[in-house]
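Take a look at the letters that make up each chain.
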There are 2 protein chains.
Amino acid sequence: MATKENGTDGKKTGRVIDGPTNPMVTPLLNDLYQFTMAYAYWKADKQSERSVFDLYFRKNPFGGEYTIFAGLEECIKFLANFNLTDEEIDFVRDSLPGCEEAFCDYLRGLDCSDIEVYAISEGSVVFPKVPLLRIEGPVAVVQLLETPFLNLINYASLVATNAARHRFVAGKSKLLLEFGARRAQGPDGAISASKYCYLGGFDATRHVSVLLVNVAAGKLFGIPLRGTHSHAFVSSFMSLDEIVDKALRSSDGKSNCEDFVTLVQTCLSKIQNSSSLCGIFSETNKSELAAFTSYALAFPSAFLALVDTYDVMKSGIPNFCAVALALNELGYKAVGIRLDSGDLAYLSTEARKFFCAIERELNVPDFGKMIITASNDLNEETVDALNKQGHEVDAFGIGTNLVTCYAQAALGCVFKLVEINNQPRIKLSEDVTKVSIPCKKRTYRLFGKEGYPLVDIMTGENEPPPKVGERLLCRHPFNESKRAYVVPQRVEELLKCYWRGNADEAREELEPLKEIRNRCIKQLENMRPDHMRRLNPTPYKVSVSAKLYDFIHFLWLNEAPVGELH
Amino acid sequence: MATKENGTDGKKTGRVIDGPTNPMVTPLLNDLYQFTMAYAYWKADKQSERSVFDLYFRKNPFGGEYTIFAGLEECIKFLANFNLTDEEIDFVRDSLPGCEEAFCDYLRGLDCSDIEVYAISEGSVVFPKVPLLRIEGPVAVVQLLETPFLNLINYASLVATNAARHRFVAGKSKLLLEFGARRAQGPDGAISASKYCYLGGFDATRHVSVLLVNVAAGKLFGIPLRGTHSHAFVSSFMSLDEIVDKALRSSDGKSNCEDFVTLVQTCLSKIQNSSSLCGIFSETNKSELAAFTSYALAFPSAFLALVDTYDVMKSGIPNFCAVALALNELGYKAVGIRLDSGDLAYLSTEARKFFCAIERELNVPDFGKMIITASNDLNEETVDALNKQGHEVDAFGIGTNLVTCYAQAALGCVFKLVEINNQPRIKLSEDVTKVSIPCKKRTYRLFGKEGYPLVDIMTGENEPPPKVGERLLCRHPFNESKRAYVVPQRVEELLKCYWRGNADEAREELEPLKEIRNRCIKQLENMRPDHMRRLNPTPYKVSVSAKLYDFIHFLWLNEAPVGELH
């Protein structure tokens, strides 16, 4: 199941785990109160008390009924390299009123060798209330992990889920491109968005640095890149006279076209003179034609043109076709076009018709199969609307709405103490959805006869695990009346050990991004369709064992103060 | 106007400008197409053509009529250190199909010594369509700046505007704390959010690393920090017996309380025995009392307690008061409480009554002035609703909604070519709001008699500037019928030179964050109130000169293809 990064003999050996992708992820990427609390724990000599915390969220994002878990690898990389520098310690000292020097010595020695992390595999489909991570260790240290872990998981999971939802609505066959670097919430928003959108089912990014990140460490994310040109490139040209070097060697290298510009103009005339092609346009924009021609001279084997700088049907498409036909005569195949404005359903359909007419009229095989890419503020809704209307788009470039998670800009993961010194703890709230589920727990996913997951169940650490074929009562954690018997056909334990101090034994390895992505796609395909639909999806059931249910409610009554009415 | 960072004699000397705050901001924080275009420009021998680009946005965020401009400093830091490493160049080569080696040599020599950047001062109140930056230089280089500049400015300006809007609704007298690190869109989202929320009028952050950023370079952001404790700290305690070291020295150092725990219990009894204080509670939660006591022992001079872990009025408030009274007897002043759930209007009012009753009944001066901090998913609307209902909150901790800009997660700045080789360029669109305003331009803010800004006006580079007291026609750039004569009482040129190659002459210095923040607050205060109100604010007028208007429409007709109707 786990992939070996070092050593091929199957024996896990001491590994060096790289630090987080972003060098700004240090123990000081933290809320100050984590340090004030660490100090207070230390003052009370409580700092080493063994604690158990759960990291989970309370509500699926985007009005859906599922979430993709992402960000685990970065958490483990952070843990593995956890260390406060002298400079950082000086800073902490200055930020805490009355801080004793001995506390700085304590901080100086801190690492995560006493920490254990159990987590659901990254890329899994996950649900509210079920712990994504269970973190165990000295209370003061675990608290210092809270803010960085939440920061690394909240956005990663949110944007991966957003990507998965866009993939769902676009369908499997479409190419999905992530275009969001310029609108992302800061540089890291751009870089991690590219990674986690790929995880959630996107095909490529047009964002460069994501690929170079950690190239020094030989650890590319390995996401395919796509590029074309912008409107500025088109409007930077004035006329065909600007093109000085007009020669282009044929694709097979055997011949040389001395004047590609004239060839392009000849092809444009051919289109203009064809009875079924002319008519929609008269004169095309010459600066656009110059830009396309120039771009094709630079990238004859990767010609993809943005056709809406002046007018798609009257200028962009005929100009593109002229250049594509000229390339075709030299043995090259143009890639296609990009539409970045206007009525994408109409324009893509018209463009396709035009390409097919050229294939037919001018007898150019496959010209009708030109790739049509659409961008311009796309999101789940607009892609869905395009589908309903009918369109000829092959690839969607999605930017702002994808990477900023415009429809819902935050996931609300929380980090709650569930046990300390072997004593279960509960956090109460007037709002019952905010009451935490106490105890160090195990979690299982139960599968039904048809292979779909049926329900996730949490049990106390020492309860016997659910067994295949054995009837089991699953209870809603807070609603007395909601319970169901389940006879699982398959049982999967969800939390696996990803960190146990510095020991490598019995610890899951970090997987390549591609494997995490495959898990995500496979698990999504295996969900019962009614959980996945965009309108009124059925909530997936999350439950606790009967024993855990009773204990939760015993503890609740025990901790809640009794009021007095007057 | 500009602040000297080096040298105090007023003479600007050669300066070293640090790199961007986030080391991941390199020339490869980019869209691939910027490199494919650079290659195509280079192939066409156009790479050095002098171009002018405008960076601007089209619509104010959050349904408002103003925006705060932020992110400039990071752009200049990026420019000043622009350089592609060999490793980065190898990567670009591998990403471009058919890339010639000579292009890599070209990239190797690239820097921003031929670039000029004119910008509005950071922290200014700005409006749609008016360029925030005008970037001039070799077209291939300027294109490589597009994506990083947009990335650095879009989120910075968005979150600064969001902070300013929250400040507006909270009022000047309230303390505003930024709490968002855990929910931010990635690590950098957290760090830059802290910086730009402060710029937009927040008072402090609870996020640590923002302060350490660049400490090595002696360049703290310098934002005040605030800390307290979390629910986990409270529930990590079981009883008062856990507290081993019970001694606390008095504030003046003159006496020592051997058993602070007993003192706290005595104070709690005092409250319970007071006829006007008892009644709302019977037994308070003992683990909470233990946590508060322990926290006070660690931070006797900075005691701020989170009071809603079990029950605010039945447990949290009496427990807090007991500890605060005990501290008071030793000469310390407790800071106050934080409410993180429930009805904040009701709870803050009840808490205030209780504090005032203690001040009165137990004769403790100033006890009623205890600071009440509220958090829990606050945003503009909830703060506004609290104001309408009446509350006793002194400080708001705002997290998710602030840093993720939940109400609108992206600002849509664009980067458009307006001139190349001294030829004005226009980008057309079927959507008139997307048509770009061509030409290298100057921009001015015109002020009226009452001191308010009246209108921003763009003119051609060589037009005479508007003069105080002289009547001037201001035209809407696209709507023929919208125009107005203005007689400005004051004229301010908006674009100033922030970068001119490596030359320091006549260049604005980068200012300390505090000065940028002051500019922001001052300019906001100087806006006409109807532009600022939350409901149906009046749009601020943005115009062009009559001459520029005529030229725009001449160019538009010139570039737009003429259709044929059949």
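Residues numbered from 1 in each chain as written. Chains lettered and ligands numbered in written order. Predicted model: local features only at pLDDT ≥ 70, side-chain atom pairs only at ≥ 80, totals over all residues. Heavy atoms only, no water.

Undergrad: Let's hear about the overall build of chain A: which residues, and what values?
TA: From N to C terminus, chain A includes 17 helices and 22 strands. Along the first, second and third principal axes, the C-alpha set of chain A runs to 90 × 60 × 55 Å. Classification of the 566 residues of chain A by burial places 63% in the buried group. Here the contacts in chain A between residues at least 6 apart in sequence split such that 74% fall between residues at least 24 apart. (Helix = DSSP H or I, 4+ residues; strand = E, 2+ residues; numbered from the N terminus. Buried < 20%, exposed > 50% of the residue type's maximum accessible area, 1.4 Å probe, protein only. Contact = heavy atoms within 4.5 Å.)

Undergrad: Lay out the domain arrangement of chain A with the relevant residues and their values.
TA: Each assigned domain of chain A is listed here: domain 1 (32-172 + 407-559) and domain 2 (228-374 + 387-393). The centre of domain 1 of chain A, based on its C-alpha atoms, is set 52 Å off from the matching centre of domain 2 of chain A. (Domains from an automatic or database assignment.)

Undergrad: Break down helix α6 (residues 186-199) of chain B for me, with residues and values.
TA: Since one α-helical turn is 3.6 residues long, residues separated by three or four positions face the same way. Residue and element names in this part refer to chain B. Taking 1.5 Å per residue, 14 residues should reach 20 Å; α6 reaches 20 Å between its end C-alpha atoms and fits that length. At Ala-193, α6 is bent by approximately 25°, the largest bend along its length. Most of α6 is tucked away, with 14 of its 14 residues classed as buried. Directly after α6, the chain includes Gly-201, whose backbone phi takes a positive value near 120°. (Expected span 1.5 Å × (residues − 1). Bend = angle between axes of the 7 residues up to and from the residue.)

Undergrad: Which residues make up the side chain of Glu-288 of chain B, and what values go with them?
TA: Residues and elements named next belong to chain B. Relative to the helices and strands, Glu-288 is located in helix α10 (residues 286-298). Among buried charged residues, Glu-288 stands out as having no salt bridge; its nearest opposite-charge side chain is Lys-286, 8.7 Å away. Within polar-contact distance, the side chain of Glu-288 engages the side chain of Ser-315 at 2.7 Å. Apart from residues lying up to four places away in sequence, Glu-288 is in contact with Val-234, Leu-306, Val-307, Thr-309, Tyr-310, Ser-315, Gly-316 and Asn-319. (Lys, Arg positive; Asp, Glu negative; His and termini not counted. Salt bridge = Lys/Arg side-chain N within 4 Å of Asp/Glu carboxyl O. Polar contact = N/O pair within 3.5 Å; in protein donor to acceptor, adjacent residues only side chain to side chain.)

Undergrad: A description of the packing of aromatic side chains should follow, citing residues and the corresponding values.
TA: According to the stated counting rule, one finds 38 aromatic pairs over all chains in the structure shown. Measuring from ring centre to ring centre gives 6.5 Å for Phe-78 of chain A and Phe-149 of chain A, while their planes differ by 70°; the resulting arrangement is edge-to-face. You can see Phe-78 of chain A sitting in helix α2 (residues 72-80) and its partner Phe-149 of chain A sitting in helix α5 (residues 139-170), a full 71 residues away along the chain. Both residues of the pair, Phe-78 of chain A and Phe-149 of chain A, belong to the buried class. An aromatic cluster of at least three residues, connected via ring pairs, comprises Tyr-39, Tyr-41, Trp-42, Phe-103 and Tyr-106 of chain A together with Phe-233, Phe-237, Tyr-295 and Phe-299 of chain B. Just above the ring of Tyr-118 of chain A sits the side chain of Arg-134 of chain A; from NZ or CZ to the centre is 4.4 Å. Sitting over the ring of Tyr-198 of chain A, Arg-517 of chain A keeps its end group 4.4 Å from the ring centre. (Phe/Tyr/Trp six-rings, centres within 6.5 Å; stacked < 30°, edge-to-face > 60°. Lys NZ or Arg CZ within 6 Å of the ring centre and 35° of its normal.)

Undergrad: Give a description of helix α1 (residues 32-43) of chain A that names residues and reports values.
TA: The end-to-end C-alpha distance of α1 of chain A is 17 Å, a good match for the 16 Å that twelve residues give at a rise of 1.5 Å each. Buried within α1 of chain A are the following residues: Leu-32, Tyr-33, Gln-34, Phe-35, Thr-36, Met-37, Ala-38, Tyr-39, Ala-40, Tyr-41 and Trp-42 of chain A. Taken together, the buried residues of α1 of chain A touch α3 (86-95), α4 (101-108) and α5 of chain A together with α8 (231-235), α10 and β11 (336-339) of chain B. Just past α1 of chain A, the residue Asp-45 of chain A takes up positive phi, approximately 55°.

Undergrad: How would you summarise the environment of Met-458 of chain B if you had to cite specific residues and measurements?
TA: All names here are of chain B. Within the fold, Met-458 resides in strand β17 (residues 453-460). On the basis of relative accessible area, Met-458 is assigned to the buried category, the value being 1%. The spacing of Met-458 and Val-414 is 44 residues in sequence and 17 Å in space, taken between C-alpha atoms. Discounting chain neighbours no more than four positions away, the residues touching Met-458 are Lys-129, Val-130, Pro-131, Ile-437, Lys-441, Arg-442, Thr-443, Val-542, Ser-543, Val-544, Ser-545 and Leu-548.

Undergrad: Quick one: what's the story with the state of the cysteines, residue by residue and with numbers?
TA: Counted by the stated rule, this structure contains zero disulfides over all chains. Free cysteine: Cys-75 of chain B, not disulfide-bonded; nearest cysteine sulfur from Cys-413 of chain B at 9.8 Å. (Disulfide = S-S within 2.5 Å.)

Undergrad: Now, about the UniProt feature "domain: Nicotinate/nicotinamide phosphoribosyltransferase" (unreviewed entry) in chain A: what can you tell me, with residues and values included?
TA: Under the UniProt annotation, the feature "domain: Nicotinate/nicotinamide phosphoribosyltransferase" (unreviewed entry) is placed at residues 335-434 of chain A. End C-alpha to end C-alpha, residues 335-434 of chain A measures 52 Å, and it is 32% helix and 21% strand. (UniProt positions renumbered as here; feature names shortened; annotations may be inferred.)

Undergrad: Describe the packing of helix α10 (residues 286-298) of chain A against helix α1 (residues 32-43) of chain B, and please don't skip the residues or the numbers.
TA: Where α10 of chain A meets α1 of chain B, the closest approach of the two axes is 9 Å, and the angle between their N-to-C directions is 95°. One finds that α10 of chain A runs roughly perpendicular with respect to α1 of chain B. Residues Ser-294, Tyr-295, Leu-297 and Ala-298 of chain A of α10 of chain A form the contact with α1 of chain B, whose own contacting residues are Thr-36, Tyr-39, Ala-40 and Lys-43 of chain B. (Axes fitted to C-alpha atoms, helices over the stretch in contact; angles between N-to-C directions. Parallel < 35°, antiparallel > 145°, perpendicular 65-115°, else oblique.)

Undergrad: Outline the sheet that holds strand β22 (residues 541-545) of chain B, supporting the account with residue identities and numerical values.
TA: All names here are of chain B. Read from one edge of the open sheet, six strands run β19-β18-β22-β17-β16-β20, paired in mixed fashion. One side of each edge strand has no neighbouring strand; the edge strands of this open sheet are β19 (483-486) and β20 (490-493). Between one strand axis and the next, the sheet turns by 35° as a mean value, whatever way the strands run. Bridge count between strand β18 (residues 472-475) and β22: two bridges; the pairing is antiparallel. By the bridge assignment, Cys-474 is partnered in β22 with Ser-545. Helix-sheet contacts for helix α17 (residues 546-559) involve β16 (441-447), β17, β18 and β22, and the interaxial angle to β22 is about 80°. (Pairing = 2+ DSSP bridges.)

Undergrad: Pulling in residues and values, what's your account of the relation of the copies chain A and chain B?
TA: Superposition of the two copies of the chain requires a rotation about an axis together with a shift along that axis. Superposition record for chain A on chain B: RMSD 0.0 Å, screw rotation 180°, translation along axis 0.0 Å. On this basis, the relationship between the two copies can be described by a two-fold rotation axis. Judged by C-alpha distance, Asp-188 of chain A is the residue of chain A that lies nearest the rotation axis, at 2.7 Å. A high fraction, 100%, of the interface residues of chain A reappear at the interface in chain B, so the copies pair face to face through one surface. (Least-squares fit on C-alpha atoms with pLDDT ≥ 70 in both.)

Undergrad: For the confidence of the model for chain A, give the residues involved together with the corresponding values.
TA: All names here are of chain A. Mean pLDDT for chain A: 89, with 91% of residues reaching 70 or above. Contacts from residues 1-13, a stretch scored under 50 in pLDDT, to residues over four places away or in other chains number 24 contacts. Scored below 50 in pLDDT, residues 209-220 makes 37 contacts in the model with residues more than four places away or belonging to other chains. Here the predicted complex carries an ipTM of 0.90, next to a pTM of 0.92. (pLDDT = per-residue confidence, 0-100.)

Undergrad: Lay out the environment of Ala-326 of chain B with the relevant residues and their values.
TA: Residues and elements named next belong to chain B. By secondary structure assignment, the location of Ala-326 is in helix α11 (residues 312-329). Of the residues examined, Ala-326 reaches a relative accessible area of 0% and is grouped as buried. Sequence spacing of Ala-326 and Arg-58 is 268 residues, and the spatial spacing of their C-alpha atoms is 58 Å. With near-sequence residues (within four places) excluded, Ala-326 lies in contact with Phe-260, Leu-263, Val-264 and Cys-267.

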